[in-house]
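A look at the structure
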Amino acid sequence: MLEVKDLHVNYGAVHALNGISLTVNDGEIVSLIGANGAGKTTTLRTITGLEKAASGSVTFDGHDLTKVTPSKIIGLKLAHVPEGRHIFPQMTVEENLEMGAYADRSGMAETMEAVYVRFPRLKERRRQLAGTLSGGEQQMLAVGRALMAKPKMILMDEPSMGLSPLLVKEIFQIIREVNQQGITVLLVEQNAKMALSISDRAYVLETGSISIAGSARELLNDPRVKKAYLGQ
């Protein structure tokens, strides 16, 4: 479904990504783990057109994304839950969800009701300003807004950041359930143990390059991953 091939991204003289290649197959959860500054967020932002590649290719569902604007990429059914959530704080919960459907408003009422079934707290707070929600509720809203686009695939950037351990478990359960509904997931996450526990495959990104790749089980048992990311 997604193929990133020999991707290079530069910020001036800084090489943020040095020729990374990865694939995500239809129906998978694939994790991208690594330390701060490794290039994980840059990878997601380049896939969705928010950063421009110096060279390389990004192909999603047969489309070359390097030639497509971010506003058109969402229309291809590729959604992005950004790091830090980036909800619209002065808009209500419902208005935020409506924004998620801007590229495809067909059946919006039914899609929104499905989001409310998954996130009952959002329905309870649908008239509330999004900026007044708790951190966990804002993360649910960010995921719900992405689901409003009826995506084939969701990119999630650090969905557990800043959440309590109880909410972290809830967010990862939500990711698993979203995937079970047929939505492919590419997950960037610093909580490597939780990410690997729900993933099919994973890549380790270090200073802009992929250093390890394999099944989630292989990485959970890899001594290098254990030492660097699992605290073992």
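Sequence positions are assigned chain by chain, starting from 1 and proceeding in written order. Predicted model: local features are reported for residues with pLDDT of at least 70 only, side-chain atom pairs are reported and counted for 80 or more only, and whole-chain, interface and lining totals are derived from all residues. Calculation of side-chain values draws on the structure's entire complement of heavy atoms; hydrogens and water are dropped beforehand.

So, the pairing of strand 6 (residues 78-81)
- Relative accessibility under 20% of the residue-type maximum defines a buried residue, over 50% an exposed one, and the middle range a partly exposed one, all with a 1.4 Å probe and only protein chains included. Each helix is a run of DSSP H or I of at least 4 residues and each strand a run of E of at least 2, with the numbering of both proceeding from the N terminus. Neither face of strand 6 is left uncovered, since the one carrying Leu-78 and His-80 and the one carrying Ala-79 and Val-81 both have all their residues buried.
- For two strands to be treated as a pair, DSSP must find at least two bridges joining them. For strand 6 and strand 7 (residues 153-157), the ladder comprises four bridges, and the chain directions are parallel. Bridging across to strand 7, Ala-79 finds its partner in Ile-154.

Structural notes on the nonpolar core
- The set of buried Ala, Val, Leu, Ile, Met, Phe, Trp, Tyr and Cys residues whose side-chain atoms join them within 4.5 Å is what this entry labels a nonpolar core. Membership of the largest hydrophobic core comes to 48 residues, with the highest contact counts inside it found for Ile-154 and Ile-175.
- Setting aside residues no more than four positions away along its own chain, Ile-175 makes contact with Ile-29, Met-156, Pro-159, Val-185, Leu-187 and Ile-198.
- Counting 25 residues, the second-largest nonpolar core is a separate cluster that includes Leu-2, Leu-22, Leu-32 and Leu-65. Any two residues having at least one pair of non-hydrogen atoms within 4.5 Å are treated as being in contact.

Concerning the pattern of salt bridges
- Salt bridges are identified by distance alone: a Lys or Arg side-chain nitrogen within 4 Å of an Asp or Glu carboxyl oxygen. Scanning the model with the defined rule gives eleven salt bridges in all.
- Its salt-bridge partner being Arg-125, residue Glu-137 comes within 3.0 Å of it at the nearest N-O pair. Of this pair, Glu-137 sits in helix 6 (residues 135-147) while Arg-125 sits in the loop between helix 5 (120-124) and helix 6, placing them twelve residues apart in sequence.
- Between Asp-222 and Arg-224 there is a salt bridge whose closest N-O contact spans 2.8 Å.
- Exposure remark for Arg-224: the relative accessible area of 51% places this residue in the exposed category.
- Sharing partners across several salt bridges, the network here consists of Glu-124, Arg-125 and Glu-137.

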